[in-house]
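Notes for the structure review
Read off the chains here:
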Amino acid sequence: MLALTPALLSVNNIEVIYNHVILVLKGVSLEVAKGGIVALLGGNGAGKTTTLKAISNLLRAERGEVTKGSISFAGERIDALDKVYSYFPRLKIRRDAIAGYTSGGEQQMTAIGRALMSQPKMILLDEPSLGLAPQLVEEIFAIVDRLNKAESVGFLVAEQNTNIALRYAEYGYILENGRVVMDGAAADLRTNEDVKEFYLGLSAAGRKSYRDVKHYRRRKRWLA
């Protein structure tokens, strides 16, 4: 007799309700072993999609919630959003709101929070400061720093706000016209005179292209 493989995903007797009144799932339980393939079958309206949304923590966007039971992945509960709320307390206050109608800062928090629920090793962020007030930008990057230190999550941040990005990053690459023209430790880039003048806005001459810097030829190895 073959030994049973421990479950990677375990759904235990869950109930799901929409709009506080519509009971859709009624005591659903299932398991998926590591490396296994499990079929979830049924006709339209049977609850297949709702089950997947419950596992993926996507019910809130449709005013649904798991009211009973538990969902565990690799031995850890994933149906509870307590960890996300601890980093983003504002989301707990706004948890019944539709994400698309929240503020820009709250949408950024939601995006990071959803990524965090999958227990990632790395998160990619594209312009997290775009369109946000300076105070919110500081808040977002401070949370990124906390996640990096407390959860050991790596981040690759594409950002035009060089000043704040280099304050929180350990290493940086500068792109121009599709090529890396400079890279180095963030602390070194922050103090580099060329970077200060052309990317940190610390020169009265205004922003220029890095290609205009006289030191550019000495760094042409990045363009080879």
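Right, let's walk through the structure included here. The structure displayed is predicted, hence computed values, not measured ones.

Structural notes on the overall build of the protein chain
For the protein chain, the count of helices and strands is 8 helices and 8 strands. Sequence separation of 24 or more characterises 52% of the internal contacts of the protein chain that already satisfy a separation of 6 or more. Surface accessibility of the protein chain: about 14300 Å² in total, with carbon and sulfur atoms responsible for 53%.

Some words on the packing of aromatic side chains
Tallied over the entire structure, the rule returns 2 aromatic pairs. Look at Y171 and Y173: their rings are 5.3 Å apart centre to centre, the planes differ by 55°, and that puts the pair in the tilted class.

Section: the sheet that holds strand β3 (residues 64-73)
With antiparallel pairing, 4 strands are arranged side by side in an open sheet as β2-β1-β3-β4. The two strands at the open ends of the sheet, each matched to only one other strand, are β2 (22-33) and β4 (76-77). The sheet contact formed by β3 and β4 spans 2 bridges and is antiparallel. Across the sheet, F73 pairs through a bridge with E76, a residue of β4. Across the sheet, helix α1 (residues 48-55) touches β1 (7-18), β2 and β3, and the angle it forms with β1 is around 115°.

A look at the pattern of salt bridges
Taken as a whole, this structure holds 3 salt bridges when the rule is applied. Across the pair K53 and E62 runs a salt bridge whose closest N-O atoms are separated by 2.5 Å. The exposure class assigned to K53 is partly exposed, which follows from its relative accessible area of 21%. A relative accessible area of 38% places E62 in the partly exposed class. Its salt-bridge partner being R167, residue E138 comes within 2.5 Å of it at the nearest N-O pair.

Some thoughts on the nonpolar core
Of all hydrophobic cores here, the largest spans 18 residues; its most connected members are L125, L147 and F155. Looking at this core element by element, the count peaks at 7 residues for helix α5 (residues 134-151). Ignoring anything within four residues of it in the chain, the contact list for L125 reads I112, V144, F155, L156, V157 and A158. Formed by 13 residues, the second largest nonpolar core is a distinct cluster that contains L9, I14, L59 and I78.

Reading the values: rules and limits
- Residues numbered from 1 in each chain as written.
- Predicted model: local features only at pLDDT ≥ 70, side-chain atom pairs only at ≥ 80, totals over all residues.
- Heavy atoms only, no water.
- Helix = DSSP H or I, 4+ residues; strand = E, 2+ residues; numbered from the N terminus.
- Contact = heavy atoms within 4.5 Å.
- Areas by Shrake-Rupley, 256 points an atom, 1.4 Å probe, with all protein chains shown as cover.
- Phe/Tyr/Trp six-rings, centres within 6.5 Å; stacked < 30°, edge-to-face > 60°.
- Pairing = 2+ DSSP bridges.
- Axes fitted to C-alpha atoms, helices over the stretch in contact; angles between N-to-C directions.
- Salt bridge = Lys/Arg side-chain N within 4 Å of Asp/Glu carboxyl O.
- Buried < 20%, exposed > 50% of the residue type's maximum accessible area, 1.4 Å probe, protein only.
- Core = buried A, V, L, I, M, F, W, Y, C linked by side-chain atoms within 4.5 Å.

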